[in-house]
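Chain and residue survey
Each chain, written out:
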Amino acid sequence: HRLGIISIPVDDSSKDRDRGSDNRPIEPVPMSGLALRRSFSTRLSVTLILASSSAIRKAMLQSAGVEFEAISADLDEDAVKARFNSGTEIAGQLASAKALAVSEARQEDWVIGSDSVASVAGRTFDKPRNRDEAVEHLRLFSGKELVLTSAVALARGGATDWRHVESATLRV
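Overview of the overall build of the protein
Broken down by element type, the protein carries five helices and six strands. For the protein, the sequential pattern of α-helices and β-strands runs α-β-α-β-α-α-β-β-α-β-β. Sorting the 172 residues of the protein into buried and exposed places 26% on the buried side. In the protein, the share of contacts with a sequence separation of at least 24, taken over all contacts with a separation of at least 6, comes to 54%. Of the roughly 11900 Å² of accessible surface on the protein, 51% is carried by carbon and sulfur atoms.

Dropping the structure here:
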C-alpha cells in the first residue's frame with residue numbers, strides 16, 4: 001500500500017517489544033537522534049480529514065487526541081446501499097465511497113470514511129430517524145441476534161488506500 005510502512009511496532013504490553021507485527025526486528029531510536037528532536041517536526045504535512053458529520057465519530061478522534069478536519073461527504077447513500085445485499089458489503093462500500101468523495105476534492109490530504117450497518121436475520125436497518133422508529137427497531141431486535149458491521153477506509157488522491165470491515169454479533 002501507499003502508506004510506506006514496512007512494519008508496525010507493537011505496544012508496551014507485548015512480550016516481543018523488539019519485534020514488529022511481521023516479526024522483523026524494530027531498531028530503537030539512537031540516543032543521538034533524540035537530541036535532534038527539536039530540529040525537525042513530527043507533525044504531518046497533510047491534513048487528516050474525517051468524511052463525516054457524525055458527532056460520535058468526531059468525539060472519538062478528539063478523545064484520542066487526533067487533529068482533524070471534518071467534511072461531510074456529498075454522497076447518495078441510498079444508491080450505494082441499493083447495489084449491495086449484505087451488511088458487510090454495504091458498510092465497506094459506504095466507508096470507501098465517503099472517503100473517496102472527499103478525497104476527490106482534497107487530493108493531498110488523507111481522508112477517513114466510515115460506516116456501520118445493523119442487520120437482523122439478513123435484513124439491514126438504517127439509523128432510526130426519530131424516537132418512535134428507534135423504539136420500533138428495538139422491538140424488532142428483541143430476542144434476536146443483531147449483527148453490527150463497521151467499516152473504515154482511508155483514501156488519498158482519489159484512491160482508497162486501505163479498508164477494514166469487522167462484524168460483531170450481539171444478542172438483544
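Regarding the pairing of strand S6 (residues 159-171)
Where strand S5 (residues 145-156) and S6 come together, twelve bridges link them in antiparallel fashion. What sits directly across from leucine 146, in S6, is leucine 170. The hairpin turn running from S5 into S6, its antiparallel successor, is two residues long, and glycine 157 in that turn takes a positive phi close to 65°.

A look at the packing of aromatic side chains
Tallying each qualifying case throughout the model produces one aromatic pair. Aromatic side chains phenylalanine 125 and phenylalanine 141 sit 4.9 Å apart centroid to centroid with 85° between the ring planes, which places their arrangement in the edge-to-face category. On the criterion of sequence distance, the pair formed by phenylalanine 125 in strand S4 (residues 123-125) and phenylalanine 141 in helix H5 (residues 131-141) is long-range, its members being 16 residues apart. Pair check on accessibility: phenylalanine 125 and phenylalanine 141 agree, each one buried.

Considerations on a nonpolar patch on the surface
On the surface, a cluster of nonpolar side chains totalling about 220 Å² of accessible area is made up of Leu148, Leu170 and Val172. Considering the arrangement of structural elements, one finds valine 172 in the segment after S6.

Thoughts on the nonpolar core
Core analysis: the biggest nonpolar cluster contains 15 residues, and Ile90, Ala99, Val102 and Val111 have the highest contact counts within it. Elements with a contribution of two residues or more to this core: helix H4 (87-105), strand S3 (110-120) and S5. Counting residues per element, this core draws most heavily on H4, at six residues. The residues contacting alanine 99, other than those within four sequence positions of it, are Ala51, Val111, Ile112, Gly113, Ala153 and Ala155. With seven residues, the next largest nonpolar core counts Leu48, Trp110, Ile112 and Leu154 among its residues.

Some remarks on the environment of valine 152
Relative to the helices and strands, valine 152 is located in strand S5. Take valine 152: its relative accessible area is 25%, and that puts it in the partly exposed class. Taking the C-alpha atoms as reference points, valine 152 and glutamate 166, 14 residues apart in sequence, are found 9.1 Å from one another. Dropping the residues within four chain positions of it, valine 152 is found in contact with Ala95, Ile112, Gly113, Ser114, Trp162, Arg163 and His164.

Conventions used here
- Residues numbered from 1 in each chain as written.
- Predicted model: local features only at pLDDT ≥ 70, side-chain atom pairs only at ≥ 80, totals over all residues.
- Heavy atoms only, no water.
- Helix = DSSP H or I, 4+ residues; strand = E, 2+ residues; numbered from the N terminus.
- Buried < 20%, exposed > 50% of the residue type's maximum accessible area, 1.4 Å probe, protein only.
- Contact = heavy atoms within 4.5 Å.
- Areas by Shrake-Rupley, 256 points an atom, 1.4 Å probe, with all protein chains shown as cover.
- Pairing = 2+ DSSP bridges.
- Phe/Tyr/Trp six-rings, centres within 6.5 Å; stacked < 30°, edge-to-face > 60°.
- Patch = residues over 30% accessible without salt bridge, like charges linked within 9 Å, V, L, I, M, F, W, Y side chains within 5 Å.
- Salt bridge = Lys/Arg side-chain N within 4 Å of Asp/Glu carboxyl O.
- Core = buried A, V, L, I, M, F, W, Y, C linked by side-chain atoms within 4.5 Å.

Scope: geometric values only; no functional claims are made or implied.
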